[in-house]
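Spelled out from the first residue to the last, the chains are:
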Amino acid sequence: MASVTFLVISAAAPLTAVAGGVPIAMLLGNGSGVAAGFTIVTAILLLFSAGYVAMARHISNAGAFYAFTAQGLGGRMGGAASMIAILSYNAMQVGVMGLLGAAASQTFGQFGLTLPWWCWSLVAITLVGILGYRQVDLSVKILMVLVLLEYLVVLLIDVAIFVKGGDSGLSLAPFTPHEFMSGSPFIGILFCFAAFIGFEATTIFSEEARDPKKTVPRATYLSVIMIGVFYLLTSWLMANGAGIDKLVPTLQALPDPTTFLFDLAGRYIGGPIGTIMSILFVTSLFAGVLAFHNGAARYKYVVGREGILPDSVGVTHLRFQSPHIGSLIQTAIAFIVIGIFAVFGLDPVLQLFTLMTQLGTLGILGLMAITSFAIMRFFARNGGLGEGILSTKILPAIAGGIMAFLFVIIFAKFGEMTGTTGIAGVALPSSVVVIAAIGYYLGVKLERRDPVRFARMGSART
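We now turn to the structure provided with this report.

Conventions adopted
Residues numbered from 1 in each chain as written. Predicted model: local features only at pLDDT ≥ 70, side-chain atom pairs only at ≥ 80, totals over all residues. Heavy atoms only, no water. Buried < 20%, exposed > 50% of the residue type's maximum accessible area, 1.4 Å probe, protein only. Helix = DSSP H or I, 4+ residues; strand = E, 2+ residues; numbered from the N terminus. Expected span 1.5 Å × (residues − 1). Bend = angle between axes of the 7 residues up to and from the residue. Contact = heavy atoms within 4.5 Å. Salt bridge = Lys/Arg side-chain N within 4 Å of Asp/Glu carboxyl O. Core = buried A, V, L, I, M, F, W, Y, C linked by side-chain atoms within 4.5 Å. Axes fitted to C-alpha atoms, helices over the stretch in contact; angles between N-to-C directions. Parallel < 35°, antiparallel > 145°, perpendicular 65-115°, else oblique. Left-handed = near helix turned anticlockwise from the far one by under 90°. Nonpolar A, V, L, I, M, F, W, Y, C, P; charged D, E, K, R; others polar.

## Side note on unusual backbone geometry
- One non-glycine residue, leucine 385, lies in the positive phi region at around 50°.
- For leucine 385, a relative accessible area of 39% puts it in the partly exposed group.

Structure below.
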């Protein structure tokens with residue numbers, strides 16, 4: 001269970017979210033109300049997890065959202081879900097790769113190693129490709145060290161702010177409805193969901209777990225709670241560290257909002273903490289990219305194995321037993337996208353990171369809504385399979401309804417939320433719908449070509 005949990009919280013990339021996502025959420029969203037946003041999102045994901053882990057006890061498949069959707073709503077919808085998942089994980093990995101390149105360029109530039117951001121991104125893609133090509137255990141060993149160091153440095157800052165009482169005393173105002181509804185709360189919610197992306201990987205690795213019926217439920221709940229408590233407490237202390245009333249003006253005055261946590265570290269701890277954090281920020285991004293790479297590669301493998309993508313994608317390496325073809329495809333896509341952004345001189349943070357990660361978040365949010373309804377349908381059709389009505393009907397209905405509502409609102413306001421104007425503000429969110437339609441069509445083709453294989457889509461693999 002520990003290995004699966006570490007893979008999941010590494011995808012959440014703790015330092016990446018706290019240093020990169022939280023300050024931007026506070027600046028563009030609802031200020032100190034982001035702490036309340038994390039509380040709400042944690043509660044929503046715990047509701048979702050009830051049905052999710054109940055389903056996982058009966059379906060052990062590395063396809064996660066895809067597998068559950070196929071088993072609940074049929075192969076055609078399963079095809080749609082698989083393509084949304086692939087798009088979302090690709091977008092998340094490539095987006096974070098842009099921020100990684102920018103952070104590495106700035107960090108190592110301090111030591112005289114000056115290279116453009118895209119050089120660092122290409123180096124990272126190569127390393128991630130090598131690790132992704134090999135078995136999961138190698139990735140786990142690396143991620144465990146990096147994630148522990150991330151948590152340690154952020155917790156040190158948290159403790160320092162708490163002990164010193166923040167800027168003007170510790171206030172619970174960030175958790176009030178007034179603060180949550182200030183500014184643009186939906187932008188804050190979007191960033192909060194983004195910080196959790198990857199928690200669903202407990203089922204992606206279910207086929208590699210020793211006892212998935214016990215490991216997956218425990219790892220899922222533990223991951224959501226650990227990630228949620230960590231983020232809501234840290235964002236609360238960050239707001240208090242700057243001062244509730246001073247928070248947004250402080251962020252507006254910074255040339256780069258992602259330096260906010262570093263400034264707090266210097267203010268409340270001092271010494272070499274800033275340099276240490278800058279290095280860990282890069283490794284945090286690397287850990288997140290590696291986890292997203294593993295997730296995307298496994299989705300490609302499963303979808304290839306089950307006939308939506310070509311059969312050649314759905315094979316594992318003879319020695320490493322890894323989804324090596326999916327990994328190679330993922331590496332090639334990353335190289336191409338980074339190359340395009342480099343050639344056209346586009347911004348790796350404000351354009352590549354912001355747009356791609358929020359697109360990925362939108363896709364995953366939609367997938368979770370679909371999965372919730374698929375869970376309800378699966379258990380209704382199979383007589384509950386010994387699971388309680390709470391986890392098979394009531395909680396999935398509540399979670400699915402909430403996430404469907406949020407998906408529609410964020411889809412409609414995507415351009416406004418991300419600052420994307422013109423056709424791009426419409427085309428990016430629409431790509432989720434377009435890729436879903438393509439996946440649905442591929443499901444129809446498989447049904448016509450091989451009805452027996454179509455009927456087995458998303459079934460348990462043991």
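On we go from here.
## Remarks on helix H19 (residues 424-449)
- A rise of 1.5 Å per residue sets the reference length of H19, with its 26 residues, at 38 Å; its end C-alpha atoms lie 36 Å apart and thus fit the reference within 8%.
- The largest bend in H19 is about 35°, located at serine 430.
- Where H19 is concerned, the buried positions are Gly425, Leu428, Pro429, Val432, Ala436, Gly439, Gly443, Val444 and Leu446.
- Elements in contact with the buried residues of H19: helix H5 (75-109), helix H16 (348-381), helix H17 (389-412), helix H18 (414-418) and helix H20 (451-455).

## What about the pattern of salt bridges?
- By the definition in use, this model includes six salt bridges.
- Measuring nitrogen to oxygen at the nearest pair gives 2.9 Å for the salt bridge that ties glutamate 447 to arginine 76. Of this pair, glutamate 447 sits in helix H19 while arginine 76 is found in helix H5, placing the two residues 371 residues apart along the sequence.
- A salt bridge links lysine 246 to aspartate 167, with the shortest nitrogen-to-oxygen separation between them at 3.1 Å. Pair noted here: lysine 246 is in the loop between helix H11 (212-242) and helix H12 (247-253) and aspartate 167 is in the loop between helix H7 (136-164) and helix H8 (177-180), with a separation of 79 residues, a long-range link.
- Assessed through its relative accessible area of 45%, lysine 246 is described here as partly exposed.
- Overall, the relative accessible area of 23% leaves aspartate 167 in the partly exposed class.

## A few points about the nonpolar core
- Of all hydrophobic cores here, the largest spans 136 residues; its most connected members are Phe193 and Met368.
- Here this core takes 17 residues from H5, the largest share from any one element.
- In contact with methionine 368, not counting residues within four places along its chain, are Leu45, Phe48, Phe65, Phe193, Phe199 and Met403.

## A look at the packing of H5 against H19
- The interhelical angle for the contact between H5 and H19, taken along N-to-C directions, is 135°, at an axis separation of 7 Å. Between H5 and H19, the angle falls in the class oblique. The interaxial crossing formed by H5 with H19 has right-handed handedness. Where H5 abuts H19, its residues Gly75, Arg76, Met77, Gly79, Ala80, Met83, Ile84 and Leu87 lie against Ser431, Val432, Ile435, Ala436, Gly439, Tyr440, Leu442, Gly443, Val444 and Glu447.
- Taken together, the residues of the contact of H5 with H19 break down into eleven nonpolar, five polar and two charged.

Just distances and angles here, no functional claims.
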